[in-house]
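Here is how the chains run, residue by residue.
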Amino acid sequence: MMELCDYKIMLVDDEPELRRMVKDFLIKEGFRAVVTAGSCREARKIYHIEEPRLILLDVMLPDGDGFSLLQELHKDSEVPVIFLSAKDEDADRLHGLGLGADDYITKPFLPKELVLRVKAVLKRVYRVKEDDKESERIRLGDCTVDLGSGLVCWNSTTEGDSEAAGTKVRELTLTAKEYAIIEKLSANRGRIVTIDALCDAVWQEGNYGYENTLIVHIRRLREKIEENPSRPRYLLTVRGLGYKLL
C-alpha cells in the first residue's frame with residue numbers, strides 16, 4: 001500500500017523563491033517526488049509527463065490563471081488541487097472551490113500549515129483503511145463508491161453474442177470534498193444529515209459561509225453517483241434541513 005509521501009506533487013507558481021521553499025519543505029517532511037512549474041504552459045507539459053497525484057496551483061500566473069488551468073486539467077482527470085493565492089476575497093475562494101478545487105490557501109502561509117492541508121487532501125482522496133483489507137463500498141444501484149480508493153465505479157452490461165459482450169466498468173475519481181460528503185452521509189445512511197454537520201465534516205476549521213459551496217459539491221457528487229442527477233434517487237435534499245443518502 002502506498003504511503004502519503006509516495007504520492008507525487010506538482011507545484012505551479014511563478015515565484016522561483018516560493019517554489020524552492022515549498023519544494024524543500026515538502027521533501028524535508030518526507031515527500032519523495034515534488035515537481036515544479038512556473039507557468040501554465042510549463043504546467044501542462046509537466047502534468048502530462050509526470051502525472052502528479054496532487055497539484056498546488058497559484059491563481060495568478062504569467063500566461064493565464066489557475067482557475068482556467070484547473071478546468072482544463074479536470075477535462076482529463078479529477079486530480080486534486082489546492083489553490084495558493086495572495087487574494088483573500090471570499091468570491092475568489094468560493095469560485096475556486098466551486099470549480100472543484102479541494103482547498104484554498106491564502107499567501108503568506110506557514111509551511112507547516114501547507115503540509116497539514118496537503119496530507120489532509122491526500123488522505124481523503126487516496127485513503128485506504130489500514131485496519132480492513134476489504135475497502136468499504138457503498139452500493140447505489142449500478143454505481144459503487146469505494147471509500148478505500150476514492151473511486152466511483154459504474155457497471156454496464158454490453159449485449160451481444162460475441163466475445164466482446166460482458167460487463168464494462170467506468171471509473172470516476174472523487175475529489176476530497178466529495179469524499180468527505182459521501183463518507184459522512186454513508187455513516188448516517190437513511191438518516192438526515194444537517195447542512196451544518198456536512199460543512200463541519202468537509203471544512204473542519206469552521207463551517208461559516210460554506211453553505212452555497214456545499215451545494216456546488218453536492219451537485220458535482222450527484223453527477224458522479226446518480227444515473228439522472230436532476231432527479232436523484234439516492235442523494236436526496238431534505239428541504240430546510242440537509243441531505244440524506246438512501
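Scroll up a little and you will see the structure.
Here the residue index of a chain counts from 1 through its sequence in written order. In view of the model being predicted, local features appear only for residues whose pLDDT reaches at least 70, and side-chain atom pairs are presented and counted only at 80 or more, with totals across whole chains, interfaces and linings using the full set of residues. Values shown for side chains rest on all heavy atoms present in the structure; no hydrogens or waters enter the calculation.

**Some points on unusual backbone geometry**
Here is the rule we go by: Strands are runs of DSSP state E lasting at least two residues, helices are runs of H or I lasting at least four, and both sets are numbered from the N terminus onward.
Note the cis peptide between K107 and P108, where omega equals -5°. Positive phi values are uncommon outside glycine, yet E51 reaches one of about 50°. Structurally, the position occupied by E51 is in the loop between α2 (40-50) and β3 (54-58).

**Observations concerning helix α6 (residues 176-187)**
Threshold: To estimate how far a helix should extend, the number of its residues minus one is multiplied by 1.5 Å. Burial classes follow relative accessibility: with a 1.4 Å probe on protein chains only, a residue under 20% of its type's maximum area counts as buried, one over 50% as exposed, and anything between as partly exposed.
With 12 residues, α6 extends 17 Å between its outermost C-alpha atoms, agreeing within 8% with the 16 Å of an ideal straight helix rising 1.5 Å per residue. Those residues of α6 that fall on the buried side of the exposure criterion are A176, K177, E178, Y179, A180, I181, I182, L185 and S186.

**Some details on the pattern of salt bridges**
Rule in force here: Definition used for salt bridges: Asp or Glu carboxyl oxygen within 4 Å of a side-chain nitrogen of Lys or Arg.
Under the counting rule described, the total for this entry stands at 15 salt bridges. One salt bridge connects D6 with R32, and the closest N-O pair in it is separated by 2.5 Å. With D6 in the segment before β1 (9-12) and R32 in the loop between α1 (16-28) and β2 (34-37), this residue pair connects regions lying 26 residues apart in the sequence. On the basis of relative accessible area, R32 is assigned to the exposed category, the value being 56%. E29 is paired through a salt bridge with K112; the nearest N and O atoms lie 3.3 Å apart. Of this pair, E29 sits in the loop between α1 and β2 while K112 sits in helix α5 (residues 111-126), placing them 83 residues apart in sequence.

**A look at the side chain of S85**
Definition in use: Working rule for contacts: check all heavy atoms of both residues, and any pair within 4.5 Å makes them a contact.
Along the chain, the position of S85 falls in strand β6 (residues 81-85). Residue S85 is classed as buried on the basis of its relative accessible area, which comes to 1%. When residues no more than four places from it in sequence are discounted, the contact partners of S85 are D58, V59, Y104, I105, T106 and K107.

**Looking at the packing of aromatic side chains**
How we decide: Working definition: rings of Phe, Tyr and Trp (its six-membered ring) pair if their centres are within 6.5 Å, and the pair is stacked with planes under 30 degrees apart, edge-to-face with planes over 60 apart, and tilted otherwise.
This structure, assessed with the given rule, holds 2 aromatic pairs. Each ring, one from F67 and one from F83, has its centre 5.1 Å from the other, and the planes form 75°; the classification is edge-to-face. With F67 in helix α3 (residues 66-73) and F83 in strand β6, this pair connects stretches of sequence that are 16 residues apart. Since its relative accessible area comes to 10%, F67 is described here as buried.

**A look at the nonpolar core**
One recurring pattern in soluble globular proteins: nonpolar side chains tend to sit buried together. What counts here: Here the nonpolar core consists of buried residues drawn from Ala, Val, Leu, Ile, Met, Phe, Trp, Tyr and Cys, with membership extended through side-chain atoms lying within 4.5 Å.
Formed by 28 residues in total, the largest nonpolar core has its most connected members in V145, I182 and I225. When contributions to this core are tallied by element, the ones reaching two or more residues are β8 (137-140), β9 (143-146), β10 (151-158), α6, α7 (195-202), α8 (211-225) and β14 (242-245). Looking at this core, the element that brings in the most residues is α6, giving 5 residues. Apart from the residues within four sequence positions on either side, V145 is in contact with E136, R137, I138, L140, L151, V152, L174, I182 and I225.

**Considering the sheet that holds strand β13 (residues 235-238)**
Formally: Criterion used throughout: strands pair if DSSP finds at least two bridges between them.
With antiparallel pairing, the 3 strands of this open sheet are ordered in space as β12-β14-β13. Here the strands that pair on one side only, and so sit at the sheet edges, are β12 (193-194) and β13. Two elements, β12 and β14, share 2 bridges in a ladder whose sense is antiparallel. Bridging across to β14, T194 finds its partner in G242.

**Comments concerning the pairing of β1**
On β1, burial covers both faces: I9 and L11 on one face and M10 and V12 on the other are all buried. Across 4 bridges, β1 lies against β2 in parallel orientation. The partner of V12 across the bridge, within β2, is A37. Pairing geometry for β1 and β3, over 4 bridges, is parallel. The residue bridging M10 from the neighbouring strand is I55, located in β3.

**Considering the pairing of β6**
Of all 5 residues in β6, 5 are buried; the element is thus mostly enclosed. The alternating pattern of β6 places V81, F83 and S85 on one face and I82 and L84 on the opposite face, and all of these are buried. Relative to β6, β3 is paired through 4 bridges, and the arrangement is parallel. Paired with D58 across the bridge in β6 is L84.

**Examining the sheet that holds β2**
Heads up, the rule is: Axes, fitted as lines to C-alpha atoms, cover a helix only where it is in contact. Angles between the N-to-C directions of the axes lie from 0 to 180 degrees.
Spatially, the 5 strands line up as an open sheet ordered β2-β1-β3-β6-β7, and their pairing is parallel. Two strands in the sheet have a free side with no partner beyond their single neighbour: β2 and β7 (103-106). Averaged over all adjacent pairs, the angle separating strand axes in this sheet is 20°, with direction ignored. In this fold α3 packs onto β3 and β6, with an angle of close to 155° to the strand it touches most, β3.

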